[in-house]
Amino acid sequence: MSSAVDDITLPARRGIGRALLRDPMGLAGLVLVVAFLAMALLAPWIAPYDPIALNVKAKFQPPSAAHWAGTDHLGRDLLSRIIWGARLALGISITSVGIAGALGLVLGLVAGYGPRWLDSALVLVFDSMSSLPMIFFALAVITVLGPGTTTLILVIVLVSFPSYARLIRTQTLSLSGADYILAERAMGAGPVRIIFRHLLPNVVGPMVILICMDIPVVIMLEAGLSYLNLGVKPPSPSWGNILAEGYNSLRQAPHIVVIAGIPLVLATLGFTFLGEGLRDVLDPRGAGRRWT
């Protein structure tokens, strides 16, 4: 039974990449995401200047051959700060969403396939956490623990994991009554085999889509808190810090706000387009039929 299921799903898995590349929105998102990931990984080598090096004599310079994106109020190169800011934004967002996704995956599988009393208790936890307003909860935690990267990751994990857990729980409940799961049980398969062999591969797809959709939300949350001086502390190059400094210098150098806003917009579009493309590809009722 399990080999038959694997044979059915194998062509679909092989065709996901090809179907995504044929989707213009998904392809555009993939290109943007890969570009930002490359920027983040290669920041030490592609940034033309030290992002925190001061040169007050060169402050508020417009874009030029020496400084392609200009300089800020302390003479720091904006392009270098934006490149390193991508490293910080993606590092925080991917780390926090990855931890939240792993936690939600485990708890969702346990809730969906475990005993009923445990399911009820976990659903109560998920609902309680989901009812908390994200911004106010983040401000409360930061007030208690103090601003910083670790606090920001903790806040994002606590805010994000209930949505992943509820999604996985719903998918697990819908699949646990399938014929091939019942056949596996009748053949003596234990819960561990059923979860890892059958349930896990089938519930990961929707969560990947949700993660892609959530990463830009996390990026904007980090930028917003850093803008309010409640996230990443200066002089670390955060896109939110750069925006705040640009706003304070709007009259002297309006180009800072514009240049600092471009990566936020492109990163949001990239991950959103990629999520939309993956949703079309992984949806067996829609564009996902292109696998065959």
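From a predicted model like this one, the values you see are computed outputs, not experimental measurements.

**Structural notes on the layout of surface pockets**
Estimated volume of the second largest pocket: approximately 180 Å³. In this structure, the second largest pocket is lined by 13 residues; those nearest its centre are Met134, Val159, Ser160, Ser163 and Asp214. Breaking the lining of the second largest pocket down by element, the ones donating at least two residues are helix 5 (116-130), helix 7 (149-176) and helix 9 (191-227). The greatest single-element share of the lining of the second largest pocket, amounting to five residues, is contributed by helix 7. Here the lining of the second largest pocket is composed, by residue class, of nine nonpolar, three polar and one charged.

**As for the packing of aromatic side chains**
Tallied over the entire structure, the rule returns three aromatic pairs. Relative to Phe161, the ring of Phe126 has its centre 6.5 Å away and its plane inclined at 80 degrees; by these criteria the two rings are edge-to-face. Placement of Phe126 in helix 5 and of Phe161 in helix 7 is noted, with a sequence separation of 35 residues between them. With a relative accessible area of 0%, Phe126 lands in the buried category. The exposure class of Phe161 is buried, given its relative accessible area of 7%.

**Quick notes on the side chain of Thr151**
Within the secondary structure layout, Thr151 lies in helix 7. Look past the residues within four positions of Thr151 in its chain and what remains in contact with it is Val141, Ile142, Leu145 and Gly146.

**Overview of the confidence of the model for the chain**
Residue-level pLDDT values for the chain average 82, and 89% of them are 70 or greater. Averaged pLDDT values for the elements of the chain fall to 51 in helix 1 (residues 2-22) and rise to 94 in helix 3 (residues 43-46). Throughout residues 1-12 the model reports pLDDT below 50, and contacts reaching past four residues in sequence, or to other chains, amount to ten contacts.

**Points about the environment of Ile215**
Examined against the element boundaries, Ile215 turns out to sit in helix 9. Considering only alpha carbons, one finds Ile215 and Thr272, 57 residues apart in sequence, at a separation of 8.5 Å. Not counting chain neighbours up to four residues away, the residues in contact with Ile215 comprise Ser93, Ile94, Val97 and Phe271.

**Regarding unusual backbone geometry**
The backbone of Phe60 sits at a positive phi, close to 60 degrees, despite the residue not being glycine. By secondary structure assignment, the location of Phe60 is in the loop between helix 3 and helix 4 (78-113). Phi is positive for Asn229, which is not a glycine, with a value near 65 degrees. Considering the arrangement of structural elements, one finds Asn229 in the loop between helix 9 and helix 10 (239-248).

Cut-off values and rules
- Residues numbered from 1 in each chain as written.
- Predicted model: local features only at pLDDT ≥ 70, side-chain atom pairs only at ≥ 80, totals over all residues.
- Heavy atoms only, no water.
- 1 Å grid on protein atoms, 1.4 Å probe; cavity = no way out; pocket = protein on both sides within 12 Å on 5 of 7 lines; lining within 4 Å.
- Points joined across faces, edges and corners; volume = space filled by probe spheres on them.
- Helix = DSSP H or I, 4+ residues; strand = E, 2+ residues; numbered from the N terminus.
- Nonpolar A, V, L, I, M, F, W, Y, C, P; charged D, E, K, R; others polar.
- Phe/Tyr/Trp six-rings, centres within 6.5 Å; stacked < 30°, edge-to-face > 60°.
- Buried < 20%, exposed > 50% of the residue type's maximum accessible area, 1.4 Å probe, protein only.
- Contact = heavy atoms within 4.5 Å.
- pLDDT = per-residue confidence, 0-100.

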